[in-house]
Structures are given as structure tokens and as C-alpha cells.
Amino acid sequence: MRRIEKKVNFFKRNLNYIFAVLWLSMGLANYFLTDGKATILISSLYLVSGFLYAWLAYKQKDRNTEYIAWDEEKVIVARLHQKPKAYYFSPEVNIHLSIYNLIIKAPRATGDMVELKGFTEEDLDLLREKFANPAVA
């Protein structure tokens, strides 16, 4: 299966980990540095938020890349922090490659449009080999 990946910066790729560390540190700092009855409630809410972000980061650890993959029977489009979508080649599925986008038209409005900004030129050449329409003379 051929696969091209988009370069994703550090902060987008690790957003859930960053928020987990932020909320956990705020909860611990609030608990140890302030006094009062409301401190325990507010600190526990911060800590719960931090643990929820840590759980979300763990659950989505394999969804930290954006890519387009294809073989002879299907094309797979994976977006950042989302489940990959597979489109099987059939007469109902229309795939069009423009300069800036890969457009997949599928039945029941299940198509997709992928922006090609961020892919390398070598990767785009591989994509053009497979999906570019031949010129009609």
C-alpha cells in the first residue's frame, strides 16, 4: 500500500498531552499553594480535567498523523485526531485531483476533500501518478 504523510508540527500532534500536563499541574499547584474550602473542589476539578485529557491522549495515540494511503482497491484518508476513512474504488466513487485538493465524491454525501498543502513534492508526484486524469486530445 502506497502512503504519503503530511508533516504535522509538534503542538498539533501533542495537543492532548500538553493540555493534560497543563491541567494536572494547575490542579496540583492550586491544591498546595492556596488555602480554603473551595481549594479542594477547584483542585479536584482541575485534576479530573487533566486525567481526562491524559486518557484522551492515550486513546488517540495512533491518530497523530495525517496521511493518504492507496492500493488497487481503496484509498484511505486519515486526518489529525480522527478515525481514518476508507473509500473503495467503484463507479459511484469519483476521485479528482486538483492543484490544491484531492476531492473524493462518494454516494450519500460521504465524500471528502483533502488539502494537499503540507505534503512534499515527491509525495504529490506519487499521488498524481495514480489519480491525475489523462489529457484528452
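Above this text is the structure in question.
Novice: What should I look at first to understand the pairing of strand 3 (residues 74-78) in this one?
Specialist: A large share of strand 3 lies buried, amounting to five of its five residues. Across four bridges, the pairing between strand 2 (residues 66-70) and strand 3 is antiparallel. Directly across from Trp-70, in strand 3, lies its bridge partner Val-75. Hairpin remark: strand 2 followed by strand 3, antiparallel, with three residues in the connecting loop. In terms of strand pairing, strand 3 meets strand 4 (residues 85-88) through four bridges, oriented antiparallel. Note on strand 4: the bridge partner recorded for Lys-74 is Tyr-88.

Novice: Explain the pattern of salt bridges to me, please; I cannot follow it from the model alone.
Specialist: One side chain can pair with another of opposite charge once the charged atoms of both are near each other. Taken as a whole and judged by the stated rule, the model has six salt bridges. Ionic pairing is found between Glu-5 and Arg-3, a salt bridge with its closest N-O pair at 3.1 Å. A relative accessible area of 39% means that Glu-5 is categorised as partly exposed. Under the relative-accessibility criterion, Arg-3 is labelled partly exposed at 44%. A salt bridge links Lys-6 to Glu-66; its shortest N-O distance comes to 3.6 Å. In this pair, Lys-6 sits in strand 1 (residues 2-6) while Glu-66 sits in strand 2, placing the two residues 60 residues apart along the sequence. Residue Lys-6 shares its accessibility class with Glu-66, and that shared class is buried. Ionic contacts of the salt-bridge type, sharing partners, join the residues Glu-121, Asp-125 and Arg-128 into one network.

Novice: Any chance you could explain the sheet that holds strand 3 here in plain terms?
Specialist: Pairing between the strands of a sheet is mediated by backbone hydrogen bonds and can be parallel or antiparallel. Pairing is antiparallel in the open sheet, where four strands are placed in the order 1-2-3-4. Unpaired on one side and paired on the other, strand 1 and strand 4 mark the two borders of the sheet. The sheet shows a mean angle of 15° between the axes of neighbouring strands, direction not considered. Of the pairings in the sheet, the one linking strand 1 to strand 2 comprises five bridges and is antiparallel in character. Paired with Lys-6 across the two strands is Glu-66, which belongs to strand 2.

Novice: Any chance you could explain the side chain of Lys-74 here in plain terms?
Specialist: Within the element layout of this structure, Lys-74 appears in strand 3. Although Lys-74 lies buried, it forms no salt bridge, and the closest oppositely charged side chain, Glu-73, sits 4.9 Å away as judged by the N-O distance. Residues within four places of Lys-74 in sequence aside, it is in contact with Met-1, Ala-69, Tyr-87, Tyr-88 and Phe-89.

The rules behind each value
Residues numbered from 1 in each chain as written. Predicted model: local features only at pLDDT ≥ 70, side-chain atom pairs only at ≥ 80, totals over all residues. Heavy atoms only, no water. Buried < 20%, exposed > 50% of the residue type's maximum accessible area, 1.4 Å probe, protein only. Helix = DSSP H or I, 4+ residues; strand = E, 2+ residues; numbered from the N terminus. Pairing = 2+ DSSP bridges. Salt bridge = Lys/Arg side-chain N within 4 Å of Asp/Glu carboxyl O. Axes fitted to C-alpha atoms, helices over the stretch in contact; angles between N-to-C directions. Lys, Arg positive; Asp, Glu negative; His and termini not counted. Contact = heavy atoms within 4.5 Å.

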